[in-house]
Amino acid sequence: MWSGEKAPLLRVCLLALAALWRTRSVNADATSDAFNTNITLFTRILDSLLDGYDNRLRPGFGDRITEVKTDIYVTSFGPVSDTDMEYTIDVFFRQSWKDERLKFHGPMNILPLNNLMASKIWTPDTFFHNGKKSVAHNMTMPNKLLRIKDDGTLLYTMRLTVHAECPMHLEDFPMDFHSCPLKFGSYAYTISEVTYVWTRNASASVEVEGESSRLNQYDLLGQTVGQETITSSTGEYTVMTAHFHLKRKIGYFVIQTYLPCIMTVILSQVSFWLNRESVPARTVFGVTTVLTMTTLSISARNSLPKVAYATAMDWFIAVCYAFVFSALIEFATVNYFTKRGWSWDGKSIVTEKKKERASVAKKNNAYAVAVANYAPNITKDSGTLPTVAKGAATDPNKQRADGKVPDSKKTFNSVSKIDRMSRILFPVLFGSFNLVYWATYLSREPIIKDMVPST
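As the structure is a computational prediction, the values presented were derived from the model and not from experiment.

Bringing the state of the cysteines into the picture now. One pass over the structure, following the stated rule, counts 1 disulfide. Here Cys166 pairs with Cys180 through a disulfide, and the sulfurs are 2.0 Å apart. Of note, the bridge from Cys166 to Cys180 carries an S-S torsion of about -70° and is left-handed in sense. Of this pair, Cys166 sits in the loop between strand 7 (153–165) and strand 8 (177–186) while Cys180 sits in strand 8, and the two are 14 residues apart along the sequence. The class for Cys166 is buried, based on a relative accessible area of 0%.

As structure tokens, this is what we get:
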């Protein structure tokens, strides 16, 4: 009885499952057919676009000027080479133009394609005017993107690494500013055939990714863009320009060059406080500081190109070298007059010593005369001689107590008047030089040649 009641219910369930399965199969087949239909449709669209298309002719040939809109997204900036005067930049280089031959009608407004399609259509012959070497990335496939809108507008993007020239004016090195240009345009088409414009406004056409700069010695202050026209023997061409403004970081050079130079100059002035008879010590101070300044001046030039003019650091090193060399000449002057016997207080040491010897000899003669006069009366007046001898013997002691005899030694070993003046003059002059030097260069406004290009 139970089997008879359940049989119709089981039959209904089986029929429902069969109907559901049939519906799903129909939907899957419909989806598959629609997908295959879309693929076939897109293939037909691409084939129709390329049917009769000649990629040797630019869009609007013989009718209008082709306008190419560009913008740049900088993914990495740097490093900057001072010796080669060049810099490296990684960019996403974007170009957009309209080609009426590529209009289409379909279920999608945009066709996303790869580099294979780009080789079959016309693309701008853009090149970098100041590029020394440009690399298009091809790993794992060529890094190129192509999108075609239904109205024939194309977007063509590629990833590039460009090594470009950066003319530098190093008169203010290392407190200098630079403007590194990036110039690009058409190689073959003149301004009457192809022109370039920025896609957006000037400030937004070139974007630099935050924390993308690989600059150890520079700060990237910003960028400006512009457009100019150049004339050559083959015609006039549009050139798009982007300038990246850089300011050098001075910290490295303060630690490596400026502080050692200042300490060397101070060390050379320590010799003014040594006794002028300390010839070995003062000679070591002078020669060592001169050689140190020579080494610093040579090492400071190794990281710079061989320019024919003097930089701000060269002037600083030259003045420090002059101070160090002057300290050595000062010691030579003091030592020369010391050997000649002049104390530079208006008196001759040799003359003073001769006068002292003459006075001593005169006193000795007086003592000899006294002894000769009193010799016959020694037996009669035996108490007189000891008194005279005692008086004569105590005279030198009295003179020493008065401090007249040691005067010659004090004059001979005293500090030279040149040293006394140098102790004040050299530090004051060097301090004044540093004050003027740093106030002049650090207060300068950024002066960058061609900082704002023509628009």
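There is more to say, and it comes next.
Next up on the list: the packing of helix 3 (residues 251–269) against helix 9 (residues 417–442). Running from N to C, helix 3 and helix 9 point in directions that differ by 165°, and their axes come no closer than 10 Å. Regarding the angle of helix 3 to helix 9, the classification is roughly antiparallel. For the pair helix 3 and helix 9, the crossing hand works out as right-handed. Only Phe426, Pro427, Phe430, Asn434, Tyr437 and Trp438 of helix 9 make contact with helix 3, whose side of the interface consists of Tyr258, Ile262, Val265 and Gln269.

Across a sheet, strands are paired by hydrogen bonds formed along the backbone, either parallel or antiparallel in direction. Pairing in this open sheet of 4 strands is antiparallel, and the strands run 4-8-12-11 from one edge to the other. Of all the strands in the sheet, just strand 4 (126–128) and strand 11 (218–232) have a single pairing partner and so form its edges. The average undirected angle you get between the axes of adjacent strands in this sheet is 20°. Both strand 4 and strand 8 contribute to a ladder of 3 bridges, which runs antiparallel. By the bridge assignment, Thr126 is partnered in strand 8 with Ser186.

This paragraph deals with the pattern of salt bridges. In the structure shown here, the tally under the stated rule is 14 salt bridges. With its nearest N and O atoms 3.2 Å apart, the salt bridge here joins Arg282 to Glu330. In this pair, Arg282 is assigned in helix 4 (residues 279–301) and Glu330 in helix 5 (residues 312–339), connecting sequence segments 48 residues apart. We note that Arg282, like Glu330, is buried. Via salt bridges that share partners, Asp71, Arg94, Arg200 and Glu207 belong to a single interconnected network.

Another aspect to go through is the pairing of strand 11. Two elements, strand 11 and strand 12 (residues 235–248), share 14 bridges in a ladder whose sense is antiparallel. Bridge pairing in strand 12 places Thr231 opposite Glu236. Hairpin connection of strand 11 to strand 12: 2 residues between the antiparallel strands.

Time to look at a nonpolar patch on the surface. A grouping of Tyr321, Phe325 and Ile329 is seen on the molecular surface, where their side chains present a nonpolar patch of about 260 Å² in accessible area. Its location among the elements puts Phe325 in helix 5. Classification of Phe325 by relative accessible area gives partly exposed; the value is 39%.

Any two aromatic rings considered together are summarised by their centre-to-centre distance and by the angle between their planes. Tallied over the full model, the rule gives 27 aromatic pairs. With 5.2 Å between their ring centres and 85° between their planes, Tyr252 and Phe253 make a pair best called edge-to-face. Here Phe323 and Phe430 contribute two aromatic rings whose centre-to-centre distance is 5.2 Å and whose plane-to-plane angle is 75°, an arrangement assigned as edge-to-face. With Phe323 in helix 5 and Phe430 in helix 9, this residue pair connects regions lying 107 residues apart in the sequence. For the pair Phe323 and Phe430, a shared accessibility class is recorded, and that class is buried.

Examined against the element boundaries, Ile89 turns out to sit in strand 2 (residues 86–98). Excluding residues that lie within four positions of it along the chain, Ile89 makes contacts with Val74, Ser76, Phe77, Leu160, Thr161, Val162 and Phe244.

Its location among the elements puts Thr157 in strand 7. What Thr157 contacts, discounting residues up to four positions off in sequence, is Phe92, Phe93, Arg94, Asn143, Lys144 and Leu145.

So, about the side chain of Ser186. Looking at the element boundaries, Ser186 is found in strand 8. Here the side chain of Ser186 touches Tyr189 through a polar contact of 3.1 Å, landing on its backbone nitrogen. Those residues in contact with Ser186, other than ones at most four positions away along the chain, are Asp125, Phe127, Tyr196, Tyr237 and Thr238.

Turning to helix 4, a few remarks are in order. With 23 residues, helix 4 should reach 33 Å at 1.5 Å per residue; the first-to-last C-alpha distance of 34 Å fits that figure. Where helix 4 is concerned, the buried positions are Arg282, Gly286, Thr289, Val290, Met293, Leu296 and Ala300.

Take a probe with the size of a water molecule and roll it over the atoms, and the empty space left behind shows itself. For the coordinates displayed, the defined rule picks out 1 cavity of 30 Å³ or more. Approximately 40 Å³ is the volume found for the largest cavity. Every residue lining the largest cavity is listed: Ser268, Ser271, Arg282, Phe285, Gly286, Ala327, Leu328 and Phe331. Secondary-structure elements contributing two or more residues to the lining of the largest cavity are helix 4 and helix 5. Here the lining of the largest cavity is composed, by residue class, of 4 nonpolar, 3 polar and 1 charged.

A word on the pairing of strand 9 (residues 194–198). Counting buried residues along strand 9, 4 of its 5 residues qualify, which places the element largely inside the surrounding structure. Bridge count for strand 1 (residues 66–81) against strand 9 is 5 bridges, and the pairing is parallel. Its bridge partner being in strand 9, Thr70 is matched across the sheet by Trp198.

The rules behind each value
- Residues numbered from 1 in each chain as written.
- Predicted model: local features only at pLDDT ≥ 70, side-chain atom pairs only at ≥ 80, totals over all residues.
- Heavy atoms only, no water.
- Disulfide = S-S within 2.5 Å.
- Helix = DSSP H or I, 4+ residues; strand = E, 2+ residues; numbered from the N terminus.
- Buried < 20%, exposed > 50% of the residue type's maximum accessible area, 1.4 Å probe, protein only.
- Axes fitted to C-alpha atoms, helices over the stretch in contact; angles between N-to-C directions.
- Parallel < 35°, antiparallel > 145°, perpendicular 65-115°, else oblique.
- Left-handed = near helix turned anticlockwise from the far one by under 90°.
- Contact = heavy atoms within 4.5 Å.
- Pairing = 2+ DSSP bridges.
- Salt bridge = Lys/Arg side-chain N within 4 Å of Asp/Glu carboxyl O.
- Patch = residues over 30% accessible without salt bridge, like charges linked within 9 Å, V, L, I, M, F, W, Y side chains within 5 Å.
- Areas by Shrake-Rupley, 256 points an atom, 1.4 Å probe, with all protein chains shown as cover.
- Phe/Tyr/Trp six-rings, centres within 6.5 Å; stacked < 30°, edge-to-face > 60°.
- Polar contact = N/O pair within 3.5 Å; in protein donor to acceptor, adjacent residues only side chain to side chain.
- Expected span 1.5 Å × (residues − 1).
- 1 Å grid on protein atoms, 1.4 Å probe; cavity = no way out; pocket = protein on both sides within 12 Å on 5 of 7 lines; lining within 4 Å.
- Points joined across faces, edges and corners; volume = space filled by probe spheres on them.
- Nonpolar A, V, L, I, M, F, W, Y, C, P; charged D, E, K, R; others polar.

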